[in-house]
Amino acid sequence: MDKNDECCSTHLIDGDGVFNVTGVENFIKEVKLAECGLSYAVVSIMGPQSSGKSTLLNHLFSTNFREMDAYKGRSQTTKGIWMARCVGIEPCTLVMDLEGTDGRERGEDDTTFEKQSALFALAVSDIVLINMWCHDIGREQAANKPLLKTVFQVMMRLFSPRKTTLLFVIRDKTRTPLENLEPVLREDIQKIWDSVPKPQAHEETPLSEFFNVEVVALSSYEEKEEQFKEQVASLRQRFFHSIAPGGLAGDRRGVVPASGFSFSAQHMWEVIKENKDLDLPAHKVMVATVRCEEIAHEKYESFSANEEWCQLKEAVQSHPVGGFGKKLSSILNTFLTEYDAEATFFDEGVRSTKRKQLEEKLLQLVQPAYQSMLGRIRSDTLEKFKEAFDKDLKGGIGFAMAARECNGSFMSQFDEECADAVIDQTKWDSSRARDKLKRDIDAHIAEARTAKLAEVTTLYETKLKEALAGPVEGLLDGASDDTWPAMRKLLQRETETAVTGFSAALSGFEMDEQTRDSMVLRLKDYARGVVEAKAKEEAGRVLIRMKDRFSMLFSYDSDSMPRVWTGKENIRAITKTARSASLKLLSVMAVISLEDERDSIDNTLTVALGDGGASTKKGTDTLDPLASSTWNEVSASRTLITPIQCKLLWKQFNTETEYIVTQAIAAQEASKRNNNWLPPPWAVVALLILGFNEFMTLLRNPLYLGVIFVAFLLVKALWVQLDISGEFRNGALPGLLSLATKFIPTVTNLLRRLAEAGQRKANNEPQHNSTLASKRKEYGDDEMK
């Protein structure tokens, strides 16, 4: 590597006192100073102009500072302050070459920059080389005295000295041994220290509290170059590990971390230029504050852009992430650890405060993701709970047990997943999310409980309706004295069966006895309501039922065969029986009798309506028992048909069934007339006496008998075909009209059938004859053989 590239020199402060911010920052990046932490050292050199400072530094540290050209005479070579990296020395060591003092270019009175640069060097350097001529030692007015006074005076402006090492480099050493020169030099230094005005707090402070004084002598570079180089090489070895205990700067104090060197140096120079006292502790806090803020901001921005964090933040928006807390804690810990590593050498109070602020900002940044994670865990747990709960219910587990077990299981699962999501750097808890999950689960259980109870109730209500509706309708259809007792038994039996199953189903809900009894009572009331509703429904069709029953009993015999009114039936008795049965139906359906209570409705209706309204045929002084809207000793809630409604229904019933009775009577009379078509007996005797001669003629001539027989057969056939007896059953005139329309078609049909029969006989005769002939031929051939 080229020497120039290794030392990386830069103009730190120019001759006009302008701090080269850009150059310093580039220099620090090139030498990678920020990575050194506190493991670096700063060396500066001061001394009279043209005293060989740059030459010494170039040989001592392999730098490339500009040196004076001896052939051009003595003049100012270094303007301002230059800085370079010492080549090959560990740890990283920076060296500053200060502008020489007592130069003619600045003038006799312009010492401001000298003092400013000296104060700056003392504030930032661990080791200060004071370059002086050997022949000046011991002289009162020699050039080194103003320099030392300047150093000590500016030191008093540092409120917290750094314990700087002052290394006096005696140039062009003479034959006088160093052991003799050093005491004189130290005595001069002590005199100067004692003569310098000091603040009251440091009036008695010894020189050793502020400085470590070291003395080294070098031969003349021009006269004894080789010896000079050997001595410089020996001195160079003292700068290796100079900050280690026992090194040149082993007891230094108040070191600024390397990453804050640029800012610290810039701020120090600004304060020094403004001619203010340099408060190193305050400056140290200020530098720490700025740098820690910068480091914290960098870590915050780096964390915000971190790929792993971005993926984690995006993932929790759609599903719970396993190990969320550990992953996020690890990421946070990484960036906080990086902050600690970079800020570890700054003021502890500032470092801790800024770290806490960084941690708070990072936690504010990740809190939405944490809340999203809790929300996902909560919603996911709720969905799993619903699935497991429904599965347990379908599996036959009792509702209360399933709810209790699933609730406990999934709340524990939620707590475990929330514990997995806990971030180590926080004290956040999941109590709010847990409470919301608990409310959601309780709400779902309550909703499911209501739905399940409704389902069970509906199931047993449906069973009761199916078990009661049909039988009740059948019992009311065949109404008799045993209808309501049978219905009571049916209601009691089916209700007990349903209540037993219903109670068993309710046992899984583990409800209190009062609630269970209330639900059972509602089920019993529902069963009774089914019967009552069916009874009311059937009561609305009572007239139809009465007419159907009347028609059944009136039109069909005991074998359920249709009656044929031949004239032998007692229509009055049949009508009375049918009406009595219909009246019984009306009395049964008049009121609801689900309790075993006696009533006189049947007797009342029988007396009032049974004999065709016998009570109404008596004198007008008798009160009508049906002229009322209520039944005696029967509540309105049990009444289906009021007395007055019964009377009106009976009247309508009689009116609508009267036609059936009238038709039956008419049919019976017509049947009687049809069965009496023969002439009276006296006419038969007269016919025999008067027709004796005709009978004898027929007997003497059998041909007449044949004709009469054929005529009889034709008449008989016509009689059967025309159904004459059936036609005259409904009367003579209707019969004659019907026969007139049917006579000709019937005769034509009969003649056609006779013709067809004759044709078939004629066709059969030739076939029969041919068969006989063939048989005879075969027989003759056999005989001949």
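Residues numbered from 1 in each chain as written. Predicted model: local features only at pLDDT ≥ 70, side-chain atom pairs only at ≥ 80, totals over all residues. Heavy atoms only, no water.

Trainee: Teacher, can you tell me more about the overall build of the protein chain here?
Mentor: Per the secondary structure count, the protein chain includes 26 helices and seven strands. Counting only residues that meet the buried cut, the protein chain has 41% of its 785 residues in that class. Restricting the contact set of the protein chain to residue pairs at least 6 apart, pairs at least 24 apart contribute 73%. When the accessible surface of the protein chain is split by element, carbon and sulfur atoms take 53% of a total near 43700 Å². (Helix = DSSP H or I, 4+ residues; strand = E, 2+ residues; numbered from the N terminus. Buried < 20%, exposed > 50% of the residue type's maximum accessible area, 1.4 Å probe, protein only. Contact = heavy atoms within 4.5 Å. Areas by Shrake-Rupley, 256 points an atom, 1.4 Å probe, with all protein chains shown as cover.)

Trainee: What's the story with the UniProt feature "transmembrane region" (unreviewed entry) in the protein chain in this structure? I'm lost.
Mentor: Residues given the UniProt feature "transmembrane region" (unreviewed entry) here are residues 703-720. Across residues 703-720 one finds 100% helix and 0% strand; the C-alpha atoms that close the span lie 26 Å apart. (UniProt positions renumbered as here; feature names shortened; annotations may be inferred.)

Trainee: When you look at the confidence of the model for the protein chain in this model, what are you seeing that I'm missing?
Mentor: Detailed reading of the predicted coordinates is not advisable wherever pLDDT falls low. Of all residues in the protein chain, 87% attain a pLDDT of 70 or more, and the chain-wide mean is 82. Note on residues 68-75: pLDDT is under 50 here. Beyond four places in sequence and across chains, it has 11 contacts. Here residues 777-785 is modelled with pLDDT under 50, and outside its nearest four sequence neighbours on either side it reaches zero contacts, counting other chains as well. (pLDDT = per-residue confidence, 0-100.)

Trainee: What exactly am I supposed to notice about the pairing of strand β7 (residues 211-217) here?
Mentor: Regular strands have side chains that alternate between both faces of the sheet. Where burial is concerned, most of β7 is hidden: six out of the seven residues are buried. With helix α6 (residues 178-195) bridging strand β6 (residues 164-171) and its parallel neighbour β7, the resulting β-α-β unit is right-handed. (Right-handed = clockwise from strand over helix to strand, strands pointing away.)

Trainee: I would appreciate a short explanation of a nonpolar patch on the surface in the present structure.
Mentor: A cluster of nonpolar side chains, namely Phe709, Val710, Phe712, Leu713, Leu714, Leu751 and Leu754, defines an oily patch on the protein surface of about 700 Å² accessible area. Of all the elements in the fold, those that place two or more residues in the nonpolar patch are α24 (702-722) and α26 (732-784). Counting residues per element, the nonpolar patch draws most heavily on α24, which supplies five residues. The residue Phe712 is located in helix α24 in this model. Its relative accessible area of 51% is what places Phe712 among the exposed residues. (Patch = residues over 30% accessible without salt bridge, like charges linked within 9 Å, V, L, I, M, F, W, Y side chains within 5 Å. Salt bridge = Lys/Arg side-chain N within 4 Å of Asp/Glu carboxyl O.)

Trainee: Whenever I open this one, unusual backbone geometry confuses me. Can you help?
Mentor: Leaving glycine out, the prevailing phi sign among residues is negative, and the prevailing peptide bond configuration is trans. Residue Pro91 follows Glu90 across a cis peptide bond; omega there is -5°. Within the element layout of this structure, Pro91 appears in the loop between β3 (81-85) and β4 (92-98). Phi is positive for Lys32, close to 55°, though the residue is something other than glycine. Examined against the element boundaries, Lys32 turns out to sit in the loop between α2 (21-31) and β2 (40-46).

Trainee: Quick question: what am I supposed to make of the environment of Pro625 here?
Mentor: Along the chain, Pro625 falls in the loop between α20 (614-617) and α21 (643-674). For Pro625, a relative accessible area of 40% corresponds to the partly exposed category. The spatial distance from the C-alpha of Pro625 to the C-alpha of Thr604 is 7.1 Å, given a sequence separation of 21 residues.

Trainee: Just checking my understanding: could you explain the nonpolar core for this structure?
Mentor: The tendency in soluble globular proteins is for nonpolar side chains to be buried as a group. Core analysis: the biggest nonpolar cluster contains 168 residues, and Phe120, Phe152, Phe168, Phe211 and Phe324 have the highest contact counts within it. Among residues more than four places away in sequence, those in contact with Phe168 are Ile130, Met132, Leu148, Leu185, Ile189, Val213, Glu214, Val215 and Val216. (Core = buried A, V, L, I, M, F, W, Y, C linked by side-chain atoms within 4.5 Å.)

Trainee: Can you help me understand the packing of aromatic side chains in this one?
Mentor: The geometry of two aromatic rings is summed up by the distance between their centres and the angle between their planes. Overall, the coordinates contain 19 aromatic pairs when judged by the stated rule. Their ring planes at 85° and their centres at 4.9 Å tell us that Phe61 and Phe239 sit as a pair that is edge-to-face. Taken together, the positions of Phe61 in helix α3 (residues 53-61) and Phe239 in the loop between α7 (225-237) and α8 (261-273) put the pair 178 residues apart, joining distant regions of the chain. Using a relative accessible area of 0% as the deciding quantity, one classes Phe61 as buried. Its relative accessible area of 1% is what places Phe239 among the buried residues. Ring geometry for Trp193 versus Phe211: centroids 6.4 Å apart, planes at 90°, classification edge-to-face. Of this pair, Trp193 sits in helix α6 while Phe211 sits in strand β7, and the two are 18 residues apart along the sequence. Phe211 matches Trp193 in its accessibility class, with the two residues each being buried. An aromatic cluster of three or more residues is present, and its members are Phe385, Phe389, Phe399, Phe410 and Phe509. The ring of Tyr300 carries Lys361 above its face, with NZ or CZ at 4.4 Å from the centroid. (Phe/Tyr/Trp six-rings, centres within 6.5 Å; stacked < 30°, edge-to-face > 60°. Lys NZ or Arg CZ within 6 Å of the ring centre and 35° of its normal.)

Trainee: How should I be thinking about helix α13 (residues 399-420) in this particular structure?
Mentor: Structural remark: α-helix, 3.6 residues per turn; residues separated by three or four positions point the same way. With 22 residues, α13 ought to run about 32 Å at 1.5 Å a step, and its terminal C-alpha atoms sit 31 Å apart, in line with that. Listing the buried residues of α13 in full gives Phe399, Ala400, Ala402, Ala403, Cys406, Asn407, Phe410, Met411, Phe414 and Cys418. One side of α13 holds all its buried residues, which, seen down the axis, span an arc of 145°. Set apart from the buried face of α13 by more than 90 degrees, the exposed residues are Glu416 and Ala419. Turning to α13, the residues buried within the fold contact α12 (348-394) and α14 (431-477). (Expected span 1.5 Å × (residues − 1). Arc of directions from axis to C-beta.)

Trainee: Explain the environment of Ser480 to me, please; I cannot follow it from the model alone.
Mentor: Inspection of the secondary structure puts Ser480 in the loop between α14 and α15 (483-507). On the accessibility criterion, Ser480 (32% relative accessible area) is partly exposed. When the C-alpha positions of Ser480 and Lys584 are compared, they lie 6.5 Å apart, and in sequence the two are 104 residues distant.

Trainee: What exactly am I supposed to notice about the packing of α3 against α7 here?
Mentor: With their axes 9 Å apart at the nearest point, α3 and α7 run at an angle of 65° to one another. For the element pair α3 and α7, the recorded crossing hand is right-handed. Counted together, Leu56, His59, Leu60 and Phe61 of α3 and Phe228, Lys229, Val232, Leu235 and Arg236 of α7 form the full contact between these two elements. Taken together, the residues of the contact of α3 with α7 sort by class into six nonpolar, one polar and two charged. (Axes fitted to C-alpha atoms, helices over the stretch in contact; angles between N-to-C directions. Left-handed = near helix turned anticlockwise from the far one by under 90°. Nonpolar A, V, L, I, M, F, W, Y, C, P; charged D, E, K, R; others polar.)

Trainee: What exactly am I supposed to notice about the sheet that holds β2 here?
Mentor: What links the strands of a sheet is backbone hydrogen bonding, and the strands pair in either a parallel or an antiparallel sense. Here seven strands make up an open sheet; going across it, the order is β1-β3-β4-β2-β5-β6-β7 and the pairing mixed. In this open sheet, the two edge strands, each paired with only one partner strand, are β1 (10-13) and β7. In this sheet, adjacent strand axes meet at a mean angle of 25° when their direction is disregarded. Alignment of β1 against β3, held across three bridges, turns out to be antiparallel. Paired with Ile13 across the two strands is Ile81, which belongs to β3. Relative to the sheet, α6 contacts β5 (127-133), β6 and β7, its axis offset from that of β7 by approximately 145°. (Pairing = 2+ DSSP bridges.)

Trainee: Just checking my understanding: could you explain the packing of helix α10 (residues 307-315) against helix α11 (residues 324-343) for this structure?
Mentor: Packed helices, taken two at a time, are described by the angle their axes make and the gap between the axes. Orientation of α10 relative to α11, taken along the N-to-C sense of each, is 150°, at an axis distance of 10 Å. When the axis of α10 is compared with that of α11, the two are roughly antiparallel. Between α10 and α11 lies a crossing of left-handed hand. Residues Glu308, Trp309 and Leu312 of α10 lie in contact with α11, whose contacting residues are Phe324, Lys327, Leu328 and Ile331. (Parallel < 35°, antiparallel > 145°, perpendicular 65-115°, else oblique.)

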